[in-house]
Each structure stands twice: as structure tokens, then as C-alpha cells.
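Survey of secondary and tertiary structure
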Amino acid sequence: MAVKKKNIKVVKKPAKKPAIKAAVSTKKPAPKAVASSKPKAGKYVYFFGDGQADGNGKMKELLGGKGANLAEMTRIGLPVPSGFTITTEVCTYFYVNGRKYPADLIPQMEKAIARMEKIQNSKFGGVDNPLLVAVRSGARDSMPGMMDTILNLGLNDNTVLGLAAKSNNERFAYDCYRRFIQMYGDVVMGVQKREGEDHEPFEVVIDELKEDLFPGRHDVADTEVDAAGLKELVKRFKALVKERTGKEFPNNPWDQLKGAVGAVFGSWNNERANIYRQKYGIPHEWGTAVNVQSMVFGNTGDNSCSGVAFTRDPATGVKVFYGEFLINAQGEDVVAGVRTPDPVAQLQVKMPKAHRELEDVRKTLESHFHEMQDFEFTVEEGKLFMLQTRNGKRTGVAAVKIAVDMVKEKLITWEDAVRRVPADSLNQLLTPIFDSKARKTAKMIATGLPAGPGAASGKIVFNSDEADALANKGEKVLLVRLETSPEDIKGMIASEGILTARGGVSSHAALVARQMGKVCVCGASELHVNYEDQTLTVGDVTYKKGEFLSIDGSTGEIFAGEVKTAPSEVVQVLIEKTMAPKDAPTYQYFAQLMTWADKARKLRVRTNADQPDQVENAVSFGAEGIGLCRTEHMFFEGERIDAMREMILAETEEDRKEALAKLLPFQREDFVGIFKALKGLPATIRFLDPPLHEFLPNTEEQQAELSEKIGVSVEDIQKRVEELHEFNPMLGHRGCRLGIVYPEISAMQARAVFEAAAIVIKGGGKAKPEIMIPLVGFPKELELQLEIVHSVAKQVQKEKGVKVAYSVGTMIEIPRACVAADKIAVQAEFFSFGTNDLTQTTLGMSRDDSGSFLPYYQQKAEIVKANPFASIDEAGVGELMKIAIEKGRKTRPEIKLGICGEHGGDPATIKFCHNIGLSYVSCSPFRVPVAKLAAAQAALA
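This is a predicted model, so every value here is computed, not measured. (Residues numbered from 1 in each chain as written. Predicted model: local features only at pLDDT ≥ 70, side-chain atom pairs only at ≥ 80, totals over all residues. Heavy atoms only, no water.)

**Quick word on unusual backbone geometry**
A positive phi angle, near 55°, is found at Asp50, a position not held by glycine. In this structure, Asp50 sits in the loop between strand 1 (45-49) and strand 2 (52-53). In this structure Asp50 comes out as exposed when scored by relative accessible area, which is 63%. The phi dihedral of Lys679 is positive, around 55°, even though this residue is not glycine. If you trace the backbone, Lys679 turns up in the loop between helix 25 (653-678) and strand 27 (682-686). On the basis of relative accessible area, Lys679 is assigned to the exposed category, the value being 72%. (Helix = DSSP H or I, 4+ residues; strand = E, 2+ residues; numbered from the N terminus. Buried < 20%, exposed > 50% of the residue type's maximum accessible area, 1.4 Å probe, protein only.)

**A look at the sheet that holds strand 3 (residues 83-86)**
Strands sit in the order 2-1-3-6-4-5 across an open sheet of six strands; the sheet is antiparallel. At either end of the open sheet lies a strand with only one pairing partner, and these are strand 2 and strand 5 (149-153). Against the sheet, helix 2 (residues 60-75) makes contact with strand 1, strand 2, strand 3, strand 4 (133-138) and strand 6 (289-294), and its axis sits at roughly 35° relative to strand 6, the strand it touches most. Sitting on the sheet, helix 9 (residues 253-267) touches strand 3, strand 4, strand 5 and strand 6, and the angle it makes with strand 4 is about 15°. (Pairing = 2+ DSSP bridges. Contact = heavy atoms within 4.5 Å. Axes fitted to C-alpha atoms, helices over the stretch in contact; angles between N-to-C directions.)

**Observations regarding the sheet that holds strand 29 (residues 807-812)**
The sheet built from eight strands closes into a barrel, its strands ordered 25-26-27-28-29-30-31-32 with parallel pairing. Across this sheet, the average inter-strand angle for adjacent strands is 25°, counted without regard to direction. Alignment of strand 27 against strand 28 (residues 768-773), held across five bridges, turns out to be parallel. Opposite Ala683, over in strand 28, you have Pro769 as the bridge partner.

**As for the packing of helix 6 (residues 170-187) against helix 7 (residues 201-213)**
Between helix 6 and helix 7, the least distance of the axes is 10 Å, while the angle of their chain directions is 150°. Classified by the angle between their axes, helix 6 and helix 7 sit roughly antiparallel to one another. Between helix 6, through Arg178, Ile181, Gln182, Gly185 and Asp186, and helix 7, the contact on the second element is made entirely by Phe202, Glu203 and Ile206. (Parallel < 35°, antiparallel > 145°, perpendicular 65-115°, else oblique.)

**Quick notes on the pairing of strand 3**
Burial of strand 3 is two-sided: the residues Gly83 and Thr85 facing one way and the residues Phe84 and Ile86 facing the other way are all buried. When strand 1 meets strand 3, the two strands line up antiparallel, connected through four bridges. Paired with Phe48 across the two strands is Gly83, which belongs to strand 3. Pairing of strand 3 with strand 6, which is carried by four bridges, proceeds in the antiparallel orientation. Note on strand 6: the bridge partner recorded for Ile86 is Val290.

**Here's the deal with the state of the cysteines**
Scanning the model with the defined rule gives zero disulfides in all. Just so you know, Cys305 is unpaired, no disulfide at all, and the nearest cysteine sulfur is the one on Cys176, 15 Å from it. We note that Cys629 lacks a disulfide partner, and the nearest cysteine sulfur, in Cys900, lies 11 Å from it. Residue classification places Cys629 among the buried positions, given a relative accessible area of 1%. (Disulfide = S-S within 2.5 Å.)

**Comments concerning the packing of aromatic side chains**
Going through the model one piece at a time under the given rule, you end up with 20 aromatic pairs. Here the aromatic rings of Phe94 and Tyr101 are separated by 5.6 Å at their centres, their planes lie at 25°, and the arrangement is stacked. Assessed through its relative accessible area of 1%, Phe94 is described here as buried. Ring geometry for Phe172 versus Phe297: centroids 5.0 Å apart, planes at 80°, classification edge-to-face. Taken together, the residues Phe172 in helix 6 and Phe297 in the loop between strand 6 and strand 7 (305-310) connect sequence positions 125 residues apart. For the residue pair Phe172 and Phe297, the accessibility class agrees, reading buried in each case. (Phe/Tyr/Trp six-rings, centres within 6.5 Å; stacked < 30°, edge-to-face > 60°.)

**Concerning a negative patch on the surface**
On the surface, a cluster of negative charge is made up of Glu651, Glu654, Asp655, Glu658, Glu715 and Asp716. When contributions to the negative patch are tallied by element, the ones reaching two or more residues are helix 25 and helix 27 (714-724). Element by element, the count of residues in the negative patch is highest for helix 25, at three residues. With respect to the helices, strands and loops of the structure, Glu651 is situated in the loop between helix 24 (638-649) and helix 25. Relative accessible area serves as the criterion here: at 70%, Glu651 is assigned to the exposed category. (Patch = residues over 30% accessible without salt bridge, like charges linked within 9 Å, V, L, I, M, F, W, Y side chains within 5 Å. Areas by Shrake-Rupley, 256 points an atom, 1.4 Å probe, with all protein chains shown as cover. Salt bridge = Lys/Arg side-chain N within 4 Å of Asp/Glu carboxyl O. Lys, Arg positive; Asp, Glu negative; His and termini not counted. Charge placed at Lys NZ, Arg CZ, Asp CG, Glu CD.)

Written as C-alpha cells, this is what we have:
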């Protein structure tokens, strides 16, 4: 085919340095050496092939997950192309020693290549029968798409002729060559999209070539470009590399290999990998291994294919062979989502022998690894090869079902099932679905492939950075892309859901969405996405950026506008009571897992709740009492807030008591409802904590309205607001300090608690109040407040003729309380760690103001590994907690210990709480299942 020459459009900017060197100036610090700047002397390269392997599946720390599993598959007789793994220790050495390799690495690589040449009967760099290799990353925890891959390495202007002759397929050879130049040029030489460019430079060149070859057509598939066209594309790609970098594309295969290995090590430190590690708590110092493997080709023609498959459905957990493949394609085509693949079931028709072999492989993998596997395969001229296996990423729904089913199948124990389900993934079983009535009236505009279950509505956004920015402003966004790439990770995290026009259920978008628990619909081919116009067109209707769309990741349906949601199946059974358990299979699996979790855990799980309905929800989820009832939340409604303000504005104790008398019945009524909902479970009730100014109106209009209601002049109200103003209210007149200066407040609250308990007990119920005094730092503070509590308790019990069993304790939330815990425990029967304020006072860091620098501390400077307000700072706050526990138990060995800050629902914090010997954790009602599972996992660790 004749090809019309066309100049390549190039932005005239200084050439970008290759990625391997650019990594030196990255903002992210290099991985820290685990022991020293030098790895252990000796072995850096682990070979696998021809049924033998130096490593095994247990060596993930050294070989990474991919390398360890390649070795293991080789050992169990699966058809794995030969190759070798460069260890994670080399990655550490590489960063510590200025991007240099250990002296013994290259000789070991040369020996491994020689073994591969012998097995493959080929020669690396040879013209007649060239050995080509794939170079891939492989961290010990899978990070799909976050690091770099290079395929077809070893090709040059000479070896491509040998590949063409050997395969008798010139088009195939040049297809491999152009792919290699594109990957290597991007990953190693840094030919990437620049600021202001809308498209990847290599893709621009491809599109220009297609326009030259097929004028006026916009639907030309890559497979339509013949050998002559691909030869021209190779020339244009090389010209692009030269223009962008000022360098010729390397021809020496060993130079190519060294550059690729360095680039893969360098990609451990790229932005998307750093964001991914931060989200999933993967330590930066682990580093990655590099896997070099003989190429097998799924793009030799219609008798070849590449695919990605799962041993079970990763979205639902159903035990079916699930996956996709592309005829005449390489694996990156499937994962990248550039083409929408066929379901793996169709392989049974197109390649029945390969399908039968894959079914056998599927069974072998599950029986050997005892886990759902995600594997990559290639069929080259009818022969099956296995390129990778790993534990499959899955949704929360699938995780629960797979774990329970595998116990039934006797593949794993119930303890394994509890360990295996990520605690946070249970959130996905509680998230809403589309309301059935709203769904019927909603306008469905298109369908795609269901890739991440659930319901999501959001404003259309086409750019990852914009999605992140809008989400940070509180906007709900839907990320819409032709297909996602690893660079979109930030926007994917920020979005309610992800919608792509191309790609399948094993594409990057689907894989990452399932792991994150994001709603996702892929491969919606009816969508026409225009990045330049920022529009999405379906048929003759165009939707603009900022308009709402809704997607159902369970069915693949796409709806115009915002569709109303309804509770999930589990919530309908437990909370709404609108569905019977027998009709709710997801709930049945959830209930079984929770039963096993309860069997395993030692920590009790309570809830933070202030209203009877919240308590009922939490108890339905399995909460074993209230760990924090914030009484101040009871003062903000209707007449209550007026009475509260009247009390604050009172000038005498008598007037304050008169106003408090109006609040008493409201507070008492709330406690009656809470005790009844608890049905005898304990309730830790925190007395008034926030400073009084929070209850007063700030605007003149609100102050005038209050003045008219309670008969106090606007001037007096304004004067009181000014008097109560504090420069640092968090450390001001609040907590027990209020009760000490105004003891009548504590007296009213104590009376409300005990009178409510008496009412419930007299009615035949049970009540177990636990009075918690906040912000205690001095033992005398607790002593003064408890004098009031005990005095009122005696009065009420005498007046009502009812015995109320109660306990008293304090919230440990300032450092002084931790170091004085032995003295505080003389009076306190329990400690509850208020880790929100304990974190603030320990770190000298405001929870509300730290957002301006904490992300930098975490992502760039690596001062903190996690947000200390989300996951406990073990080295600082955690050490103070240990001090308090040790001192408290020295005085009162049987003291009850809990945690009631927001940290109480964080799995990492729960594990820490288990390890330091707390009695219970307390969290919000809908976090109770997460906390129970995390507590069980801590006990089984």
C-alpha cells in the first residue's frame, strides 16, 4: 500500500530527558534502605523456566508478587515462558546509589539470558531467530497499572527482519516493532504528552497515518493497517523520538534492556504509584522487583489471542470462568481498554482447545493457591502460555461471597475467610442502590459492561485533575473517559463513579474501580466522548461537562440526570426491615461472615450515637452498647436550643437553674429512648463538652429573633457573645471546666440520666448508664464532677425508689491525663480515649486547619504515613495511650478501656487497640460491621 508522507507535528520545546534520569529529580524521596545501602552479597537474579525455578510463591518480599507466582506456576507445571526476576533488593540499591546497579547484576542477567536462549532456541539480538523479552514490574502487593511495562524488547531494524522471516508474517513483525518503539519511547525516553496537548504524541502520529491511508474514515482499527503502513509508522515513531528527545532510538538490545530495567525501577516512584501506595497503605520502602520474560505473541493472526481472566466473577463472586480476550492482540490491548474485548466464554467457540486448557488451569490455580486468581494468558498459534497470576481484586460483595463459598467448598477455613475480606470493603454492602420507582421513570440512554457494582450519580467531568478539584469542593462527580489510564488514578479516587466508552471488564478502569469499591461501567460503545468540546454524545443528544449522569455498575445501565437511590440489600434487611433474610442472598453471606467474626474477636464493638434511631441502627448491625453519646447534640433542636441559650445568657445561678429546668425533660426523654433501644446494653454518656459560644447566634438577624423569644435585649446577647469569644476555643472553657464553673449544668445532666434510667427500670426494662466526664487533666477536676454525679444519683434513687447500677469514668483526650492516669484511675472506673482531641493536643495540630499541609506531609515529605486524624499516630498518640493504660491498670487492674474518637472505625487503629489491650472500640453505626471484622482480623493475626 502506498503511503503519503506527512510531517509530524512537534511542539518546539526542549527535549525531555529519559524517564530513567528524570526520576533522579522526583519530588518524592527515594525508598529507604532496609538495612544498608548494599543488598546481601550474592544472588540478585532468580530464574524460572522449563519446569524449574530458583524461587517460589512464598518469596514475595524478595521477588515481588508477580515474580514469586511466576516461579510457583513454573514449579506446578503450568506453561510459563522462561525468564528471570531481579529482586526488590536491587531496587533499594538502585535508589540509594544514584540509579546505579550492583556490580554483579549484569553478569547474572547475562547468564539468565543465556539460559532463556537455550530453552527458546533463539538468540538475544540475533537476526535469524531473535529472542524478544517483556520487562514488567512486580511489587509484593499488586499495584495494577501503576508501574511501567515494556513488551517486544530486543527488536531493531535487523531483528525485525528475522522475526518476519521466522513467523512468515511481515505485518506481525512490524506491529511488534511499532508497539515496542511506542512503549520504550514513552516509558524510557520520556516521549509523553506535554502541558497544553490533548492527546498522547504517539497516538497523534497513528491517527495521522490512518488519515493518510484511509482519508475521511474515523473508525479505522489498528488491525486494518498493513505491513507497509506499519513500516511507515515505525519511521514516524522514530522521528518523533528524535524530535522530542534529541536522541536516536537505541538499536542495541542490551542497551534497551538496561534502560527498561532502570525505567521500571524508576516507575516505583512515579506519581500514580505514590498515590496508589498511599491509598492502600503499601510501604514506600518495599520497592519493586523487575521481571524479564520471553515474549509470546497473541498478535500473530487469527489463531492467536491475549486475555485476562478470573477464576470467579470479581464483581459478584459467582463461581464462573470470567474474563476477556482479543484475537490477534497483545496483552496490553486488553488491559489498556483501547479495544473492547470479547467475553472469555466465546473462546469456547473460537478456540475450543485453548478454552479447555484454560478451564483446567483455572481449577489448578484455585486448588493450589486457595484463592480467587486473576491471570493473564496468551495463545500463540494455538498454544497456551501463562504470563501471570495473582490474587484477584474484587468488590466487597464478591469478597464476602467468595470467602464464604470457599469455606463451603473446603478450600479454606472460616478463620481464613475472616482474614481474607478487607474490613473496609464491607462498606460496599451498605452503600445505596437505585430506587426501583425512580429507576422505572429514569431515562436510560445507553448500556455498557457492568464492572463495579452499585449506584452512582454525579456531574460529568472529563479530566482527572478537574474531578479531584471539584470533589475537594464537595461536588459529586462522574469521571467520563474514552478509556482510563494509570494517570487517572487521582480522579478515579475522587469520583462517585467511572464511565468509559471503551475497554472491558478486565480493563484498567474496571480493575482499579473494583478494588476501590467504585461504581464503574466500561465499554459503553454508544458514547462519543469529545475531550476538546468537553461533551458526551449519545445518538443525537449531547451532554455537557457539569450535567448529571447516573450509572448502575451492577447492570451497566446509564441514565440521564440524577436518579434517586435506595438502601442496599443488607440495610433493607437489618435497618429498613423491608426485605426478608431468605430473599436477600447478599445479606445471608454477610451474616455468615459476621457470625464468624464474632466468634473470633476479643474486642467489643460499641457505637457513637445520640438518638434512639441511631442506636437502633447500630444494635441491628451488632453494636454492643454506646461508647459515646454526645449530650450536646440533644440541645440543638426546636425549643431546646432556646432554653440552652437562655441558660447561657442568664446572669445568676438561679436564672441558669430555671433555664436548665426547661432542658431537663428534653434530655430525660432522649435518654429514656436510648436506654430502651439498648435493651440493657451499656451507654457511655459524655457530659457537656463544647464551649458555650457554639450555642449562641452570630448574625444580627438571629440575635434579634432570639431577643424576641426570650426577652433579652439584642445588646445583652451581643455582649455575651463577645464575652464568650475565645482565641483558641478547643483549649478554652469547655468539657469538665464548664461543669466545675457551672456545677448546675452537670447536676441537670446527671438528673436526666438517672431519672431516665429509673423510668425504664420501673417499666420492666434495663438501663446501664456510664457517666463520662470530658477533658479531665487533673484528678481534682474528676473528683469535683463525680461528687455531683454521686450526689444526684443518691437523690434520684431515693426519690424514685429504684436502684440504678452505674459507673463513672473519664475521656482521656489531653496528654496530661495520660501521664496522670494512675491518679485519675483512683476515681475513674473506666477510661475512654477521645483520640480526636488527643491527636490534636499531642501533635499541636488542628483537625480543621491541617488540610492545607497534611497532604504534603503525607505524599511529598513523608513526615506521616497516614492522616493522623483518620488512623492513629501509633508512635506519638499511641505511646501516650500505652502510658495511660499501664498507669491506669496499676491503680485499678480491672479498669475498662475503650476508644470513642473517629479512629474507632479505622481497621488499622482497631488492630492497634487490640494489641494494646483495650476492652472495646466505638464507631458510627454504619461502621460497626467494619469494626467487628477488623477486630476479628486483629485477634486472628
